[in-house]
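Survey of secondary and tertiary structure
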Number of protein chains: 2
Amino acid sequence: MAPGRLTAEDLIAGLRCAGLRVTAPRRAVCAVLAAAGRDHLTAADVAARAGAAANLSTVYRTLDALEGLSMVEHVHLGHGAGAYHVGPSAAHHHLVCEVCGRTIDVPIDALQRAIEQVTAPLGFLPDSAHFAIVGRCAECAGA
Amino acid sequence: MAPGRLTAEDLIAGLRCAGLRVTAPRRAVCAVLAAAGRDHLTAADVAARAGAAANLSTVYRTLDALEGLSMVEHVHLGHGAGAYHVGPSAAHHHLVCEVCGRTIDVPIDALQRAIEQVTAPLGFLPDSAHFAIVGRCAECAGA
DNA sequence: CTCTCTGCAAATGCTTTGCAAACTC
DNA sequence: GAGTTTGCAAAGCATTTGCAGAGAG
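Basis of the calculations
Residues numbered from 1 in each chain as written. Chains lettered and ligands numbered in written order. Predicted model: local features only at pLDDT ≥ 70, side-chain atom pairs only at ≥ 80, totals over all residues. Heavy atoms only, no water. Helix = DSSP H or I, 4+ residues; strand = E, 2+ residues; numbered from the N terminus. Buried < 20%, exposed > 50% of the residue type's maximum accessible area, 1.4 Å probe, protein only. Contact = heavy atoms within 4.5 Å. Areas by Shrake-Rupley, 256 points an atom, 1.4 Å probe, with all protein chains shown as cover. Lys, Arg positive; Asp, Glu negative; His and termini not counted. Charge placed at Lys NZ, Arg CZ, Asp CG, Glu CD. Near = heavy atom within 4 Å. Polar contact = N/O pair within 3.5 Å; in protein donor to acceptor, adjacent residues only side chain to side chain. Nonpolar A, V, L, I, M, F, W, Y, C, P; charged D, E, K, R; others polar. Domains from an automatic or database assignment. Buried area = accessible area lost by both parts, 1.4 Å probe. Salt bridge = Lys/Arg side-chain N within 4 Å of Asp/Glu carboxyl O. Pairing = 2+ DSSP bridges. Expected span 1.5 Å × (residues − 1). Arc of directions from axis to C-beta. Least-squares fit on C-alpha atoms with pLDDT ≥ 70 in both.

Structural notes on the overall build of chain A
For chain A, the count of helices and strands is 6 helices and 6 strands. Counting helices and strands in the order they occur from the N terminus, chain A gives α-α-α-α-β-β-β-β-α-β-β-α. Principal-axis analysis of the C-alpha atoms places the extent of chain A at approximately 45 × 40 × 30 Å. When the 143 residues of chain A are sorted by exposure, 45% land in the buried category. Restricting the contact set of chain A to residue pairs at least 6 apart, pairs at least 24 apart contribute 48%. Accessible surface, chain A: about 7200 Å² in total, of which carbon and sulfur atoms supply 53%. Here chain A carries 11 positive and 13 negative side-chain charges, and the mean point of each set is 8 Å from the other.

The following block contains the structure:
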């Protein structure tokens, strides 16, 4: 298992620790998220993988709760649905190909520095990875 | 009038030039967009300013047509509605405060260079201004 | 036993679409 | 006239919410 990545147990513990109740649907959502690892899942994806264990509404509510605890983040990868993934330390930006829809993760460093250089004089504190950078991937740009 | 900014006539001419028909609702949408200048308007904003001159559906269809001609761009400033503005040369990124919702435009230069540095090795061609950078503005961060 | 959480179904907000009538070229 | 556009209303997503019943602590 990759070091530093949150496990289902970590997520559950976080919920309990925050005084929230640990229920079967929440366990299921946490398990799905942990199993997805670095993948970005939509709420519908999570619900689908959880099967009957969790209703879509409950998935949304649980993701929201986990996000409030900073254990899950959601990003916008395109014009469609938002995507969720574990971690608070998602040290990457998302490049999304507007043609084929593929997502490429890139380390945050260089970008982050450039963004902060621009925003610091304004006093603006960026949460820059929240929205993706759209464009065309190498393959689709070539065509 | 600011130099280089497209006028309503420019937009109309573009439509005609593309073989599309120039109708009253389209004229109204073009006029609203040109009058908005650097402001970002949602489709609903455009429809509201056009009054009875253009139905919301028509506004969407017209914006779509103008976008196809690269005379209008749309950006995503937050979790809500998308926003439209004239120009292909929108040489700025958008910083959106997640607390107060204010939008700050920043020149594209520094950011664009940093983004291209990251994406070039991947062969990825970014259209980086399409999604905003969320965060907190100076005022809201202070509180 | 109390209070939170769940599932369902309905509501919401934004955007798209089908279709007959209106209008441009 | 021929063919594109319009307005309206309805459908389509993603997401949120009200509420009664189920379940956690």
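So much for the structure itself; the text now carries on.
Regarding the protein's contact with DNA strand D
Taken together, 20 residues are adjacent to DNA strand D, and Arg21(A), Tyr60(A), Arg21(B), Thr58(B) and Arg61(B) come closest. Sugar and phosphate atoms constitute 64% of the interface atoms of DNA strand D, taking the interface as everything within 4 Å of the protein. Within the contact set of DNA strand D, a phosphate oxygen lies 3.2 Å away from a backbone nitrogen or oxygen of Gly82(A). In this structure, Arg21(B) approaches DNA strand D through a side-chain N or O atom, which is 2.6 Å from a base nitrogen. Elements represented by at least two residues in the surface near DNA strand D include exactly helix H4 (56-68) of chain A together with helix H2 (24-36) and helix H4 (56-68) of chain B. The greatest single-element share of the surface near DNA strand D, amounting to 4 residues, is contributed by H4(A). Here the residues of the surface near DNA strand D sort into 8 nonpolar, 7 polar and 5 charged.

Remarks on the domain arrangement of chain A
Residues and elements named next belong to chain A. If you check the domain split of chain A, you get domain 1 (8-86) and domain 2 (92-142). For domain 1 and domain 2, the distance between their C-alpha centroids amounts to 24 Å. On the domain 2 side, the residues contacting the 6 residues of domain 1 number 9 residues. Taken together, both faces of the contact between domain 1 and domain 2 bury some 650 Å²; the carbon and sulfur share is 60%. Together, His40, His76 and Leu77 form the three largest contributors to the area buried by domain 1 at its contact with domain 2, with a combined 67%. Taken together, domain 1 and domain 2 are joined by 4 residue pairs in polar contact (both at pLDDT 80 or more). If you tally residues by element for the side of domain 1 that touches domain 2, the top one is strand E1 (residues 72-76), at 3 residues. Residues that form the side of domain 1 that touches domain 2 fall into these classes: 2 nonpolar, 4 polar and no charged.

Regarding the interface of chain A and chain B
Frequently, the measure chosen for interface size is the accessible area removed from exposure when the parts meet. In this complex, chain A contributes 33 residues to the contact, which on the side of chain B involves 33 residues. Between chain A and chain B the total buried area reaches about 2700 Å² when both faces are included, carbon and sulfur atoms providing 78% of it. For the interface between chain A and chain B, the tally reads 0 salt bridges. Of all the secondary-structure elements, those providing two or more residues to the side of chain A that touches chain B are E1, strand E3 (92-97), strand E4 (103-107), helix H5 (109-119), strand E5 (125-126), strand E6 (133-136) and helix H6 (138-142) of chain A. Residue classes in the side of chain A that touches chain B are distributed as 21 nonpolar, 9 polar and 3 charged. In this structure, E5(A) lies alongside strand E6 (residues 133-136) of chain B, joined through 2 bridges in antiparallel fashion. Note on E6(B): the bridge partner recorded for Leu125(A) is Arg136(B).

Quick notes on the sheet that holds E3(A)
The 4 strands lie next to each other as E4(A)-E3(A)-E6(A)-E5(B), forming an open sheet whose pairing is mixed. Of all the strands in the sheet, the pair left with one neighbour each is E4 of chain A together with strand E5 (125-126) of chain B.

Observations regarding H4(A)
The periodicity of an α-helix, 3.6 residues per turn, causes residues three or four places apart in sequence to face the same way. Residue and element names in this part refer to chain A. Between its terminal C-alpha atoms H4 stretches 18 Å, which fits the 18 Å expected from 13 residues at 1.5 Å a residue. The complete set of buried residues in H4 reads Val59, Thr62, Leu63, Ala65 and Leu66. Along H4, the residues classed as buried sweep out an arc of 160 degrees about the axis, all on the same side. When the buried face of H4 is taken as reference, the exposed residues oriented beyond 90 degrees from it are Arg61, Asp64 and Gly68. Taken together, the buried residues of H4 touch helix H1 (8-17), helix H2 (24-36), helix H3 (43-50), E1 and strand E2 (82-86). Measuring from the side-chain oxygen of the N-cap residue of H4 to the backbone nitrogen of serine 57 gives 2.7 Å; that N-cap residue is asparagine 55.

Quick word on the relation of the copies chain A and chain B
Once chain A is rotated about the relating axis by 180 degrees and shifted along it by 0.0 Å, it coincides with chain B to within an RMSD of 0.1 Å. The two molecules are tied by a two-fold rotation axis, judged by turn and shift. A share of 100% of the interface residues of chain A reappears at the interface of chain B, consistent with the copies meeting face to face through the same patch.

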